[in-house]
Amino acid sequence: MKKSVGDKGAAQAATDFFAKHLPECAVFLLDERGRIAARHGGLPEQTATEPSPDLRRQLINATLTAAPRSFREGDRHYFALSADGLTVVCAVADQSLFFDRLFALTATLWVSESRREYLEKKLTIQKNQYERQISVVEGKRQEILEEAQRSYHLIQRQQEDYSQRLQAEIEERTRELRDSKQAAEAANVAKSQFLAAMSHEIRTPMNGIIGFTDMLLAGDLDEEQRDSAMTIKRSGEALLSIINDILDFSKVEAGKMTLECIDFDPEITAHDICDLIRPRVSDKPIEVLCRIDDRLPANVQGDPGRFRQVLVNLMGNAAKFTDRGEIELAVAVADESEATITLRCAVRDTGIGLAPTTFATIFEEFTQADATISRKYGGSGLGLAISKRIARLMGGELWVESAIGHGATFYFTCVMRKSPPSRRPSLGHADLRGKRALLVDDNRISIEITEAALAQGGMTTFAVQDSRLAVAELRKSATEGKPYDLAILDILMPELDGFDLARAIRALPGVAGQIPLLAYTVASEKIAARCQEAGFNAFLNKPSQRRILLRALARLVNRKAASADKANEQALVTQYSVREELKQSVRILLAEDNPINQKLAMAMLGKAGYKVTLAENGRQAVETYRQTPQNFDIILMDVQMPEMDGLEATRQIRAEGFAKVPVVAMTANSMAGDREECLTAGMNDYISKPIKREAVFQALDRWLYVVEGTRAA
């Protein structure tokens, strides 16, 4: 609020206010030029206290506020302040702190009183305005209420008419929807039956194509024949992959994809996948690595098929888009509670990489990061989309981290149930505890993984990344009287490869030259003869399961202890020779009615060293097993057979008390519920046709694995 000094009424009112509260003082109010606009004489003796013109000019020019300031002119004392545009001067007889405070309080009271009056006037004006507005609004409200009432009655009549028409239309649409639903259900059943039939009809010939191509490739072929056979196999596998993706996608879209919950070992599954992928990169300078968390339990409960499907897809993509370097599969424990355990799987490669802008689109159906990718590398664009759906069904997620030219890492998490408490079979061997191993490998990550595996066997390791330093290290340890018990050499190393290094070690005198040597490499070609010629005692492919690696090392240590002189004369130890003695005692009952599949399975299993008995239908399989159950360790059971199918045959075998023998289903059906139906019938596992050697042998390993010489129940 501002008061004009020219307003005589305001000036006089201010003067009177101060005179009322300070009657013993003379009060003067100055205008903006320093003239006295109003005054109050105070006591008679103070009539001569009027400030001089010089003092008034000084007061006007001074920067005054609502806080009073004291001034002196001759023997007279003044207090002055400025508030609300007015300059107030008060003459006092004596200057004192008490009067200073009294004057300040009076000034504060004057300002507050002035503002109160101003606000009261303003509020009165606003109140009058609001009352006028309320009156207008009330009138409009009454008009609106009347109009709304009229509209309500009109709408009510319209609604009643519309409700009657709508009810009639709903009844008509309901009849149409009921008819459409019945037609859609019939079409869906027909579609499912068609897909199941087509799946079976397509997979049966594909079984022969891919299976016998594998048989051809295992034989002696010239370069042109091998190239033609590989083309057939790659084309067949590509077609099969598309068929699988389309069937899985149809399950996802229909909401028919379900998860089972059975015990399985994620470590064995991870190594199986690496074994499956390794042949795909055999013609590339790529090292396949498998890293297993020490905290990973022996068994978890979940869907091993879907878990495996996601990892196979991610590893397959890594193999497809990587030309050199590494592909690493890591399985670790991310989190756990009393009932569940969350697994975090990572598939890392050193391939072409992905741009961050494509991270979202690559998980969409029929989409790839680049339109040219499908032409160069192939693929339906369904694998990652299905894998992401599966990951979410398993309570986890699937995502990627990557950059162009720097490879990619796909992360897959899933929640599994904890299996009943059980102890993982001990990986250690008494023969290996306290033994020292020299590890020579140019790949630092491979060294870390191998060191962790050897540590579980109770061994200590010294690693050398430069192969040229290995010979000097062996000489040094022998000279110090602490020779190594064995050496593990990578084959594919720069400067000095594993073969030349082995020859150099064998040329060393004394114990250093007699050390057992293990060739541990990603090379998949037939190099066993070269390894033996170079002086190696054993040969294993990377990555090998920890139990197989430690078992092979234990055999090398035992050989050395038996006779170091005769070690080189004994056969080369390989992962196949470790299992060969087990295979010779395995007896398989094969139930299969298709002649092509019979011939393929008999040839495949017989060539692998297994003893196979054939049953041409389910009834014959039941009779054969019933007569001599002690002669069979496992049953491979086709599902669709004449006279008695595989499901009924399995039910009868289980009903007769044969609960321990593993029964593995082999079927071309892969629709929703097929696997569950097999497991419900009493089968233990499921192999989808067309049957691949890798899938069959992995199933046999799962159910016939021998721990320390005792077959698992």
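Residues numbered from 1 in each chain as written. Predicted model: local features only at pLDDT ≥ 70, side-chain atom pairs only at ≥ 80, totals over all residues. Heavy atoms only, no water.

Examining the confidence of the model for the chain
The predicted structure's coordinates, where accompanied by low pLDDT, should not be read in detail. Using the following cut-off: The predictor's confidence in any single residue is recorded as pLDDT, a number from 0 to 100. When checking whether two residues touch, look at their non-hydrogen atoms; a contact exists if any pair is within 4.5 Å.
For the chain, the average pLDDT comes to 80, and 82% of its residues sit at 70 or higher. This stretch, residues 371-375, has a pLDDT under 50; its non-local contacts, to residues over four places away or in other chains, come to six contacts. Contacts of residues 706-713 to residues separated by more than four positions or lying in other chains number 13 contacts, the stretch itself having pLDDT below 50.

Observations regarding the nonpolar core
Heads up, the rule is: Among the buried residues, those of types Ala, Val, Leu, Ile, Met, Phe, Trp, Tyr and Cys that are joined through side-chain atoms within 4.5 Å form a nonpolar core. The classification of residues rests on relative accessible area computed with a 1.4 Å probe and restricted to protein chains. Under 20% of the type maximum is buried, over 50% is exposed, and intermediate values are partly exposed. Secondary structure elements follow DSSP: runs of H or I of four or more residues count as helices, runs of E of two or more count as strands, with numbering from the N terminus.
Membership of the largest hydrophobic core comes to 45 residues, with the highest contact counts inside it found for Phe307, Leu314, Met315, Leu329, Phe410, Phe412 and Met416. Sorting the residues of this core by element identifies helix H5 (266-277), strand S7 (286-292), helix H6 (304-320), strand S9 (325-336), strand S10 (340-349), helix H8 (383-393), strand S11 (398-402) and strand S12 (408-418) as the ones contributing at least two each. Examining the composition of this core, we find that eight residues originate from one element, H6, more than from any other. Beyond its immediate sequence surroundings of up to four residues, Met315 is in contact with Ile273, Cys274, Ile277, Val288, Ile327, Leu329 and Val347. Listed in part, the 26 residues of the second largest apolar core include Leu438, Leu474, Leu508 and Ile527.

Digging into H6
Where we set the bar: In a helix, the anticipated span is given by 1.5 Å times the number of residues less one. Nitrogen and oxygen atoms within 3.5 Å of one another constitute a polar contact, given that in protein one can donate a hydrogen and the other can accept it, and given that sequence-neighbouring residues count only through two side-chain atoms.
The first and last C-alpha atoms of H6 sit 24 Å apart over 17 residues, in line with the 24 Å expected at 1.5 Å per residue. The buried fraction of H6 amounts to 14 of the 17 residues, a majority that puts the element mostly inside the structure. At the N-terminal boundary of H6, the capping side chain belongs to Asp303, with an oxygen 3.1 Å from the backbone nitrogen of Gly305.

Some words on the sheet that holds strand S15 (residues 486-489)
For the record, the criterion: Two strands pair under a simple rule: DSSP has to find at least two bridges between them. Simply put, an axis is a line fit to the C-alpha atoms, just over the touching stretch for a helix, and the angle between two N-to-C directions goes from 0 to 180 degrees.
Read across the open sheet, the six strands follow the order S14-S13-S15-S16-S17-S18; overall the sheet is parallel. If you trace the sheet from one side to the other, it starts and ends with strand S14 (460-464) and strand S18 (573-574), each paired once. Pairing geometry for strand S16 (residues 517-521) and strand S17 (residues 538-541), over four bridges, is parallel. Bridge pairing links Ala519 to Phe539 in S17. Helix H10 (residues 470-479) contacts strand S13 (436-440) and S14 of the sheet and is inclined by roughly 165° relative to S13.

Overview of the sheet that holds strand S4 (residues 76-83)
Pairing between the strands of a sheet comes from backbone hydrogen bonds, and it takes one of two forms, parallel or antiparallel. Sheet architecture is open: five strands sit in the order S2-S1-S5-S4-S3, paired in antiparallel fashion. In this open sheet, the two edge strands, each paired with only one partner strand, are strand S2 (36-40) and strand S3 (69-73). Averaged over neighbouring strand pairs, the angle between their axes works out to 25° when direction is ignored. Here five bridges tie strand S1 (residues 26-30) to strand S5 (residues 86-92), and the two strands are oriented antiparallel to one another. Residue Val27 lies in a different strand from S5, and its bridge partner there is Cys90. Running over the sheet, helix H2 (residues 53-61) touches S1, S2, S3, S4 and S5 and is turned about 160° from S3.

Things to note about the pairing of S2
Of the pairings in the sheet, the one linking S1 to S2 comprises four bridges and is antiparallel in character. Each residue of the ladder has a partner; that of Leu30, found in S2, is Ile36. The antiparallel hairpin formed by S1 and S2 contains five residues in its connecting segment, where Gly34 sits at a positive phi of about 90°.

Remarks on the pattern of salt bridges
Counted only if it meets this: Only one rule defines a salt bridge in this text: a Lys or Arg side-chain nitrogen within 4 Å of an Asp or Glu carboxyl oxygen.
Evaluation of the coordinates by the stated rule reveals 33 salt bridges. The salt bridge partner of Glu50 is Arg39, with a shortest N-O separation of 2.5 Å. Pair noted here: Glu50 is in the loop between S2 and H2 and Arg39 is in strand S2, with a separation of eleven residues, a long-range link. Residue Glu50 is classed as partly exposed on the basis of its relative accessible area, which comes to 29%. Among the salt bridges present, the one from Asp323 reaches Lys284, with a minimum N-O distance of 3.9 Å. One end of the pair, Asp323, is in the loop between H6 and S9; the other, Lys284, is in the loop between H5 and S7, and 39 residues separate them in sequence.

Focus: a nonpolar patch on the surface
Here is the rule: Any residue with relative accessible area above 30% and no salt bridge may belong to a patch, with like charges joined within 9 Å and the nonpolar Val, Leu, Ile, Met, Phe, Trp and Tyr side chains within 5 Å. The accessible surface values rely on the Shrake-Rupley method and a 1.4 Å probe; as for residues, cover is taken only from the protein chains in view.
Taken together, the side chains of Tyr118, Leu119 and Leu123 make up a nonpolar region of the molecular surface, amounting to roughly 300 Å² of accessible area. Relative to the helices and strands, Tyr118 resides in helix H3 (residues 97-217). Residue class for Tyr118 comes out partly exposed when judged on its relative accessible area of 39%.

So, the packing of aromatic side chains
Worth spelling out the cut-off: Pairing of aromatic rings covers Phe, Tyr and Trp, the last through its six-membered ring, and needs centres within 6.5 Å; plane angles under 30 degrees mean stacked, over 60 mean edge-to-face, and all others mean tilted. Definition used: whenever NZ (Lys) or CZ (Arg) falls within 6 Å of the ring centre and also within 35 degrees of the ring normal, the charge is taken to sit over that ring.
Under the counting rule described, the total for this entry stands at seven aromatic pairs. Centre to centre, the rings of Phe264 and Phe307 are 5.6 Å apart; their planes meet at 50°, and the pair counts as tilted. Taken together, the positions of Phe264 in strand S6 (residues 262-264) and Phe307 in helix H6 put the pair 43 residues apart, joining distant regions of the chain. Judged by relative accessible area, Phe264 falls into the buried class, the value being 6%. With relative accessibility at 0%, the residue Phe307 sits in the buried group. Ring geometry for Trp399 against Tyr411: centres 5.3 Å apart, planes inclined by 20°, an arrangement best described as stacked. Of this pair, Trp399 sits in strand S11 while Tyr411 sits in strand S12, and the two are twelve residues apart along the sequence. Classification of Tyr411 by relative accessible area gives buried; the value is 14%. The residue whose ring lies beneath Arg436 is Tyr484, and the NZ or CZ to ring-centre distance is 4.2 Å.

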